[in-house]
Amino acid sequence: MHWTVRLDGGPRRVNHAAVSVGEFIYSFGGYCTGGDYKIYESIDVHILNTNTLRWSLVPTKKDEDGLPLKYPEVPYQRYGHTAVAYNEKIYLWGGRNDENLCNVLYCFDPKTLSWSRPSVTGAIPGARDGHSACVYGNYMYIFGGFEDDINEFSCDVHSLNFDTMEWKYNQTFGIAPSFRDFHSTAAIHDRMYIFGGRGDKHSPYHSLEEMYCPEIVYLDLKTKVWHRPSTTGKVPVGRRSHSMFIYNGLIYVFGGYNGLLDQHFNDMYTFDTKTNLWNLVKPRGKAPSARRRQVCLVKGNRMFLFGGTSPYNFLPDLPPLIDNNDTHVLDFDPSLKTLALLKVVEHRIDTSWLPKELRWEIRSMTLPNSISRPINHAG
């Protein structure tokens, strides 16, 4: 594994949600510090071309009078929501702005770059943010989050059948994970794994006495029974607002934040679901700065990381946290060409004689003392 690319100039977003469809990554919403998130402006959609590493902003759709579409025709700008892909469509659910939460299901079509509101039936979950979502078969599963209307954390499981568009509350068995929000979820081997998140000593109530569970648990999606595997190895510190993804049969955890320690992380762990072994891994190259609320997505043999919040303590007059607009690429299986280009950057070899495309690729490589090239971001 090697961190190979770092590019600045992408969307500056925190607590956004993103999925990959085809050769593109679609990022929805999120916020920037200092923004006004009390109004019902349309959610923004940014697209990353994973081949060219260029970001673009989807133009806002307009109505018959030429005015920008707004809620409820399209989702309003939000954070703490989830997005999943199913049959080349993207489904967005939950999240909030500074005034309201939402439990309306929206569908985004990457081919037409347009929104729709599927008609749903059944037991629709209560509006929330900080929940998690994953796809298993033809179902989307929702777990946890914080329901502001009742001022409580959740540990419930809900599912949406994409074929019938029916919501269902799932009765589970065994000891459920503790009430929490801003955890992570991954579906693998007929199981939904849950790790991390923020809870409360007086859960489900929110008393500001936070808890950070380091235990990984899973729900057997066939029997609906919760399990707590006995793990070995280097167990990550409990955290929230981290990222969890799957590559080559392993679960990966990156970054996050522990409020009790007031510590951000940029460490990376793997969890083997067959042996229940945690392992701290250290990819080669320069890792992204410690952060939380970022997005990590796997596409082929590469993982794309962008956005999030990092501590910033370089100057006393600046805020202690900074919202990121950088994009990083972790190559799980770098080619000989990629390794050669990394050496060119490392040793600062003259590249003026190379083709323009290859020179750009070299400049985008991230190694100590290398220079990042800004992306032509249309937003």
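These figures come from a predicted structure and were not determined experimentally.

A. Representation of the overall build of the chain. Helices and strands together make up the secondary structure of the chain, namely two helices and 32 strands. Looking at the 379 residues of the chain, the share that counts as buried comes to 53%. Long-range contacts, defined as pairs at least 24 residues apart, comprise 57% of the intrachain contacts of the chain with a sequence gap of at least 6. Put simply, the chain shows about 17,400 Å² of open surface, and 50% of that area lies on carbon and sulfur atoms.

B. Highlighting the sheet that holds strand 1 (residues 2–7). Strand order in the open sheet made by the four strands is 1-32-29-28, with antiparallel pairing throughout. Whereas interior strands pair on both sides, the edge strands pair on one side only; in this sheet they are strand 1 and strand 28 (295–299). Between one strand axis and the next, the sheet turns through 20° on average, direction left out of account. As defined by bridge partners, strand 1 adjoins strand 32 (residues 327–331) across five bridges and the pair is classed as antiparallel. Paired with Leu7 across the two strands is Thr327, which belongs to strand 32.

C. Representation of the sheet that holds strand 18 (residues 191–195). Taken together, the four strands give an open sheet; going across it, the order is 17-18-21-22, and neighbouring strands pair in antiparallel fashion. Single-partner strands in this sheet number two, and they are strand 17 (184–188) and strand 22 (225–227). Shown here is a sheet whose adjacent strand axes are inclined to one another by a mean of 25°, direction ignored. Where strand 21 (residues 216–220) meets strand 22, three bridges bridge the pair, whose relative direction is antiparallel. Directly across from Tyr218, in strand 22, lies its bridge partner His227.

D. Looking closely at the nonpolar core. Within the largest apolar cluster, 19 residues are counted, with the highest numbers of intra-cluster contacts made by Tyr26, Phe28, Val45, Ala83, Ile90, Phe108 and Trp115. With three residues, strand 2 (residues 17–21) is the single largest residue contributor to this core. If we ignore the near neighbours within four places in the chain, the residues touching Trp115 are Phe28, Ile43, Val45, Glu73, Val74, Pro75, Leu92, Tyr106, Cys107 and Phe108. Val84, Tyr86, Tyr91 and Ala133 belong to the second largest nonpolar core, which has 13 residues in total.

E. Representation of the pattern of salt bridges in the model. Inspection of the entire model under this criterion finds 13 salt bridges. Its salt-bridge partner being Arg13, residue Asp44 comes within 2.1 Å of it at the nearest N-O pair. With a gap of 31 residues between them, Asp44 in the loop between strand 3 (24–28) and strand 4 (45–49) and Arg13 in the loop between strand 1 and strand 2 connect regions that are remote in the sequence. Each member of the pair, Asp44 as well as Arg13, is classed as buried. We note a salt bridge from Arg291 to Asp326, for which the minimum N-O separation is 2.9 Å. Residue Arg291 is found in the loop between strand 27 (277–281) and strand 28, and its partner Asp326 is found in the loop between strand 31 (321–323) and strand 32; the two are separated by 35 residues along the sequence. Side by side, Arg291 and Asp326 carry an identical accessibility label, which is buried. Connected through salt bridges with shared partners, the residues Arg6, Asp8, Arg291 and Asp326 form a single ionic network.

F. Inspection of a negative patch on the surface at higher detail. Together, Asp63, Glu64, Asp65 and Glu73 make up a negatively charged patch on the protein surface. With respect to the secondary-structure elements, Asp65 resides in the loop between strand 5 (54–57) and strand 6 (82–86).

G. Structural detail: the pairing of strand 12 (residues 139–143). The buried count for strand 12 comes to four of five residues, which makes it a mostly enclosed element. As judged from the five bridges shared by strand 11 (residues 132–136) and strand 12, these two strands associate in the antiparallel manner. When the sheet's bridge partners are listed, Tyr136 is paired in strand 12 with Tyr139. Here strand 11 folds back onto strand 12, and the loop between the two strands holds two residues, one of which, Gly137, carries a positive phi near 65°. The pairing of strand 12 with strand 15 (residues 157–161) spans five bridges and is classified as antiparallel. Its bridge partner lying in strand 15, Ile142 is registered against His158.

H. Quick look at a nonpolar patch on the surface. Together, Val237, Leu260 and Leu261 make up a nonpolar patch on the protein surface, roughly 280 Å² of accessible area in all. Looking at where Val237 falls in the secondary structure, it is placed in the loop between strand 23 (232–233) and strand 24 (243–247).

I. Highlighting unusual backbone geometry. Between Tyr71 and Pro72 the backbone carries a cis peptide bond, its omega angle lying at 15°. Examined against the element boundaries, Pro72 turns out to sit in the loop between strand 5 and strand 6. A cis amide bond links Ser203 to the next residue, Pro204, at an omega of 10°. Within the element layout of this structure, Pro204 appears in the loop between strand 19 (198–200) and strand 20 (210–212). Positive phi, close to 55°, is recorded for Met165, a residue that is not glycine. Relative to the assigned elements, Met165 resides in the loop between strand 15 and strand 16 (166–170). Owing to a relative accessible area of 11%, Met165 belongs among the buried residues under this scheme.

J. Looking closely at the side chain of Asp200. Its location among the elements puts Asp200 in strand 19. Within the buried set, Asp200 has no salt-bridge partner at all; the shortest N-O distance to an opposite charge, 7.5 Å, is to Arg198. Beyond its immediate chain neighbours, meaning those up to four positions away, Asp200 contacts Phe153, Tyr205, His206, Ser207, Leu208, Glu209, Glu210 and Met211.

Rules used in this analysis
Residues numbered from 1 in each chain as written. Predicted model: local features only at pLDDT ≥ 70, side-chain atom pairs only at ≥ 80, totals over all residues. Heavy atoms only, no water. Helix = DSSP H or I, 4+ residues; strand = E, 2+ residues; numbered from the N terminus. Buried < 20%, exposed > 50% of the residue type's maximum accessible area, 1.4 Å probe, protein only. Contact = heavy atoms within 4.5 Å. Areas by Shrake-Rupley, 256 points an atom, 1.4 Å probe, with all protein chains shown as cover. Pairing = 2+ DSSP bridges. Axes fitted to C-alpha atoms, helices over the stretch in contact; angles between N-to-C directions. Core = buried A, V, L, I, M, F, W, Y, C linked by side-chain atoms within 4.5 Å. Salt bridge = Lys/Arg side-chain N within 4 Å of Asp/Glu carboxyl O. Patch = residues over 30% accessible without salt bridge, like charges linked within 9 Å, V, L, I, M, F, W, Y side chains within 5 Å. Lys, Arg positive; Asp, Glu negative; His and termini not counted. Charge placed at Lys NZ, Arg CZ, Asp CG, Glu CD.

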